[in-house]
Amino acid sequence: MAMMTRKGFRFSTYEAPELTPFDKLFDIFQELITHTSGDFDEAIDWLRELDKEYELTDDDYTIDDFIEDLKAKGYIREEFEDGGGQMGEEGEEGDDGTGKGGKISITAKMERIIRQRALDQIFGKLKRSGAGNHKTKKSGIGDEHTGDFREYRYGDGLENISMTESLKNAQVNHGIGNFSLDENDLVVEDTAHKAQMSTVLMIDISHSMILYGEDRITPAKKVAMALAELITTRYPKDTLDILVFGNDAWPIPIKDLPYLKVGPYHTNTVAGLQLAMDMLRRKRNTNKQIFMITDGKPSCLRLPDGNYYKNSVGLDDYIVEKCYNMARQARKLHIPITTFMIAQDPYLMQFIRHFTEANKGKAFFTGLKGLGEMIFEDYENNRRKRLK
C-alpha cells in the first residue's frame, strides 16, 4: 500500500535576516544624516553617543571602521583645505603636510540613498513600473492601453491590432475550413491619451517649523525627498519643482533636500505662491498643481519698495487678503492648490478653509503623522483625473 504524502504549510518563528555590522550602522546613519541636514560630523557624534548607550559596535568593528567603509563605498568624501583656503577632494594633495584639516561631506550617491529611504519609509516599497502619466478622459489613438477592444478604423496603427481577437473573429465569420482574414475581422485594443503632470511643492521654512520643541522640518523634508524619488522613478514624464519660503521664496534643486534647514524667517506665503505660479507658467503641459506644506500663518509681505511688512500677531487682514488674491489668481490659471496644514490652531484652520475656497482646491489638516501618506494618496488621485 502506497504511503500517502501530506501537503500543507509549516509555520516557524520569524527570524530577522542577519545584517552585517556595516548595514546595522548604515541604517541608523541614514536617519541621523537626515535629521542633521547633511552635517556628517554631527551625525557621527550622535552615532558615537548611541554606540555608548546601546553598544552598537565591538572591538572587531568600530565607528572608525564604519567611516572607512563609508569612504570605500563612495557614500562620503573628504576635502582638504590648502594654504590658500581652497578646498580640494581627497587624493589631490600629497603627503607633504600642506593640507589643513579635512571636511567630510556626503556624496551624490548618498543623497540618492537618502531619497530612496524616504520613499520606502513613507510610501512603502513601490515597484518600478513603466512610463506612468496622467490619463485624460479621451480615448482613441492614444498611447496607453485600456484593456477594451473595438473594431479597426482607418488610421489605426498596426501595432494596436489584437491578433488573437482578430483571428477569433475570422474563424467565427468565415469558418475554420475556409479561413480568411479581412479588414472587417480586425480588432484594435483601445488606447487612451496621456497628459503630463507638473507639480510645485512649497515647503515652509519659517522659524515656527522648529518651535515648541517639535521638529517639523524633518518630516516635511522626508516627504519632499520621497515625492521626488517617486516621480523621477515611477512617473518620469512628470515634473516636480521644489521651493522653500520664509521672508522670501526661492527654488531648490532636489539634490539639496537633505541639507534643508529652517531659518530665522517669517512666513511670506504670497511670495511662495507667486514663484510657484511663475514656475508652472513655463510648463507646456496642461495638468498643473501646487502642494503647500505649512504650519504657520502668513506673517510677511515684500513691498514694492523692497521693504518687508511683517506682523506675527494674529492674522493680519492686509496679508491675508493678499493670500486670498493669489489663490484666486491660481484658480483662473487652472492651478489647484492642495494645502497640508501641520498646525491645528482653530483660527489658522479657518484661514486655510477660506483660502481653499478661494482657489477651489483642497486642504488636509494632517499634523505630522500621516503627512507623507496623504500627499502620496492625493498625488495618485490627481493622476487619475485631468485637472481643470
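The name given to the chain in an unreviewed UniProt entry is VWA domain-containing protein, with Meishania litoralis as the source organism.

A. Examining the nonpolar core more closely. Core analysis: the biggest nonpolar cluster contains 55 residues, and Phe 29 and Ile 203 have the highest contact counts within it. In terms of residues, this core owes the most to one element, helix H6 (residues 217–234), which gives 10 residues.

B. The sheet that holds strand E7 (residues 197–204), seen in detail. Read from one edge of the open sheet, 6 strands run E9-E8-E7-E10-E13-E14, paired in mixed fashion. Edge strands, defined here as strands with exactly one partner in the open sheet, are strand E9 (249–252) and strand E14 (362–365). Each adjacent strand pair in this sheet contributes to an overall mean axis angle of 20°, direction not counted.

C. Fine view of empty space enclosed by the protein. Counting across every chain of the model gives 2 cavities of 30 Å³ or more. Taken together, Phe 245, Thr 269, Met 292, Thr 294, Gly 296, Pro 298, Cys 323, Phe 351, Ile 352 and Phe 355 form the lining of the largest cavity. Breaking the lining of the largest cavity down by element, the ones donating at least two residues are strand E10 (287–294) and helix H9 (346–359). Residues belonging to the lining of the largest cavity are distributed by class as follows: 7 nonpolar, 3 polar and no charged. Looking at the second largest cavity, its volume works out to about 30 Å³. Taken together, Gln 30, Glu 31, Thr 34, Ile 114, Arg 117, Ala 118, Gln 121, Lys 222 and Met 225 make up the lining of the second largest cavity. Those elements giving two or more residues to the lining of the second largest cavity turn out to be helix H1 (21–35), helix H4 (108–123) and H6.

D. Geometry of helix H2 (residues 40–54). Compared with the 21 Å implied by 1.5 Å per residue over 15 residues, the 21 Å span of H2 between its first and last C-alpha is a close match. When H2 is considered as a whole, its buried residues turn out to be Phe 40, Ala 43, Ile 44, Leu 47 and Asp 51. For H2, the angular spread of buried residues about the axis comes to 95°, placing them on one side. H2 presents Lys 52 and Glu 53 as exposed residues on the side facing more than 90 degrees away from its buried surface. A distance of 3.2 Å separates the backbone nitrogen of Asp 41 from a side-chain oxygen at the start of H2, and that oxygen is part of Asp 39. Among the residues trailing H2, Glu 55 stands out with phi positive, at a value near 50°.

E. Inspection of the side chain of Glu 79 at higher detail. With respect to the helices and strands, the residue Glu 79 is situated in strand E1 (residues 76–81). With a relative accessible area of 19%, Glu 79 lands in the buried category. Side-chain polar atoms of Glu 79 contact the side chain of Arg 77, separated by 3.4 Å.

The rules we used
- Residues numbered from 1 in each chain as written.
- Predicted model: local features only at pLDDT ≥ 70, side-chain atom pairs only at ≥ 80, totals over all residues.
- Heavy atoms only, no water.
- Core = buried A, V, L, I, M, F, W, Y, C linked by side-chain atoms within 4.5 Å.
- Buried < 20%, exposed > 50% of the residue type's maximum accessible area, 1.4 Å probe, protein only.
- Helix = DSSP H or I, 4+ residues; strand = E, 2+ residues; numbered from the N terminus.
- Pairing = 2+ DSSP bridges.
- Axes fitted to C-alpha atoms, helices over the stretch in contact; angles between N-to-C directions.
- 1 Å grid on protein atoms, 1.4 Å probe; cavity = no way out; pocket = protein on both sides within 12 Å on 5 of 7 lines; lining within 4 Å.
- Points joined across faces, edges and corners; volume = space filled by probe spheres on them.
- Nonpolar A, V, L, I, M, F, W, Y, C, P; charged D, E, K, R; others polar.
- Expected span 1.5 Å × (residues − 1).
- Arc of directions from axis to C-beta.
- Polar contact = N/O pair within 3.5 Å; in protein donor to acceptor, adjacent residues only side chain to side chain.

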